[in-house]
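Residue strings, one per chain:
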Amino acid sequence: MEEMTADKPAHLTDWKGQPWTPESGTPAAHPNARFTAPAQPMPVRRRGVGRPQGRADLGHSVRRPPGYQRPTRDRGQRLGARYVLGSAMSSEKTAAAAGTVGEVRFDPFAMLPFCGYNMADYFQHWLDIGDNADQSKLPKLFWVNWFRRDEDGSFMWPGFGDNSRVLKWIVERVDGGGDAVDTPIGKVPAPGAIDRTGIEDDVSDETMEKLLAVNPTSWQQEVDLIRAHYATFGDRLPARLAAQLDALEARLNN
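Anyway, here's the lowdown on the structure attached to this text. These numbers come from a predicted model, not from an experiment.

Topic: the pattern of salt bridges
Per the stated rule, a full pass over the model turns up 11 salt bridges. As a salt-bridge pair, Lys187 and Asp182 come within 2.7 Å of each other at their nearest N and O atoms. Each of Glu151, Glu206 and Lys210 takes part in salt bridges that share partners, so that together they form one network.

Structure (structure tokens):
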């Protein structure tokens, strides 16, 4: 956030809540600071933006379809599946991240660098919020993945602006539409549910079938990774998360 303008403000309040001037000799913003602005004044915003009915979580795995909806069958399943989703957020490391390129890195709720206490307790606090919420107002959750590769290692989905095609299906699901099929990991777009107008030559029916496929054997590897991730929290991991992971494994084996 520093050096965003040519001239420094003459006076402001820094991230610690203290008065700040260019002569203070300390940064005004936290090193991890982000900039956000309200969406309401934007003339291009979609009607209904900000409503609580749905949200999308960005995660990355070679096994995940370009978009799918987590299962929400009953109260226990609904709450547990939501927080397994958040607690197992992962991505593959790139050259820009410390560690081995391609290695899966778990970053629960994308909060690992920012959480100031035990992440297992953080999980439990989210469960507590869900327990005390109006169940009819809990949001639908979706997971998206733009990076699934084919046998040659090439990306199967074009990405960039075409990601809005998957987001369109998510919005349709939130509005009560959007064709979907049940799988062990949740509801996946049905054949033809994602609009491919104009990209049929780049994303064929065969490619879409591969993109939306849920391979139980491959997903067992995902379960193993999540289980190892959970083991790092020891006895403090909420039992409900471990139970939901067991239920996912059982669905994959049926």
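Side note on the packing of helix H5 (residues 216-231) against helix H6 (residues 239-253)
As a packed pair, H5 and H6 sit with axes 10 Å apart at the nearest point and diverge in direction by 165°. By the angle class used here, H5 and H6 are roughly antiparallel. Both H5 and H6 take part in a crossing whose hand is left-handed. Taking contact as the criterion, the partners of Pro216, Trp219, Gln220, Val223, Ile226, Arg227 and Tyr230 in H5 are, on H6, Leu241, Ala242, Leu245, Asp246, Leu248, Glu249, Leu252 and Asn253.

Here's the deal with helix H3 (residues 163-174)
Helix length check: H3 (12 residues) gives 17 Å between terminal C-alpha atoms against 16 Å at 1.5 Å per residue, within 8%. Taken as a whole, H3 has its buried residues at Asn163, Arg165, Val166, Trp169, Ile170, Arg173 and Val174.

Looking at the packing of aromatic side chains
Considering all chains together, one arrives at 5 aromatic pairs under this definition. Ring centres of Tyr122 and Trp126 lie 6.4 Å apart, and the angle between their planes is 80°; this geometry places the pair in the edge-to-face category. Taken as a pair, Tyr122 and Trp126 lie in helix H2 (residues 119-131) at a separation of 4 residues, close to a single helical turn. Judged by relative accessible area, Tyr122 falls into the buried class, the value being 13%. Plain terms: the ring middles of Phe142 and Trp169 are 6.1 Å apart, the flat faces sit at 85° to each other, and that makes the pair edge-to-face. Of the two residues, Phe142 sits in strand E7 (residues 140-144) while Trp169 sits in helix H3, which places them 27 residues apart along the sequence. In this structure, Phe142 and Trp169 share a single accessibility class: buried. Ring pairing ties together the aromatic residues Tyr117, Tyr122 and Trp126, which thus form one cluster.

What about the nonpolar core?
Residues Phe123, Trp157 and Met208 are the most contacted members of the largest nonpolar core, which totals 37 residues. When contributions to this core are tallied by element, the ones reaching two or more residues are H2, E7, H3, helix H4 (205-211), H5 and H6. Non-local contacts of Met208, meaning those with residues more than four positions away in its chain, are made with Trp157, Ile194, Arg196 and Val203.

So, H5
Given a rise of 1.5 Å per residue, 16 residues ought to cover 22 Å, and the 22 Å separating the end C-alpha atoms of H5 matches this to within 8%. Listing the buried residues of H5 in full gives Trp219, Gln220, Glu222, Val223, Ile226, His229 and Tyr230. For H5, the N-terminal cap is Asn215; the gap from its side-chain oxygen to the backbone nitrogen of Thr217 is 2.9 Å.

Looking at the side chain of Arg148
Within the secondary structure, Arg148 is located in the loop between E7 and H3. This buried residue, Arg148, is left without a salt bridge; Glu151 holds the nearest opposite charge, at 9.4 Å. A polar contact is formed between the side chain of Arg148 and the backbone oxygen of Leu211, at a distance of 2.7 Å.

Cut-off values and rules
Residues numbered from 1 in each chain as written. Predicted model: local features only at pLDDT ≥ 70, side-chain atom pairs only at ≥ 80, totals over all residues. Heavy atoms only, no water. Salt bridge = Lys/Arg side-chain N within 4 Å of Asp/Glu carboxyl O. Axes fitted to C-alpha atoms, helices over the stretch in contact; angles between N-to-C directions. Helix = DSSP H or I, 4+ residues; strand = E, 2+ residues; numbered from the N terminus. Parallel < 35°, antiparallel > 145°, perpendicular 65-115°, else oblique. Left-handed = near helix turned anticlockwise from the far one by under 90°. Contact = heavy atoms within 4.5 Å. Expected span 1.5 Å × (residues − 1). Buried < 20%, exposed > 50% of the residue type's maximum accessible area, 1.4 Å probe, protein only. Phe/Tyr/Trp six-rings, centres within 6.5 Å; stacked < 30°, edge-to-face > 60°. Core = buried A, V, L, I, M, F, W, Y, C linked by side-chain atoms within 4.5 Å. Polar contact = N/O pair within 3.5 Å; in protein donor to acceptor, adjacent residues only side chain to side chain. Lys, Arg positive; Asp, Glu negative; His and termini not counted.

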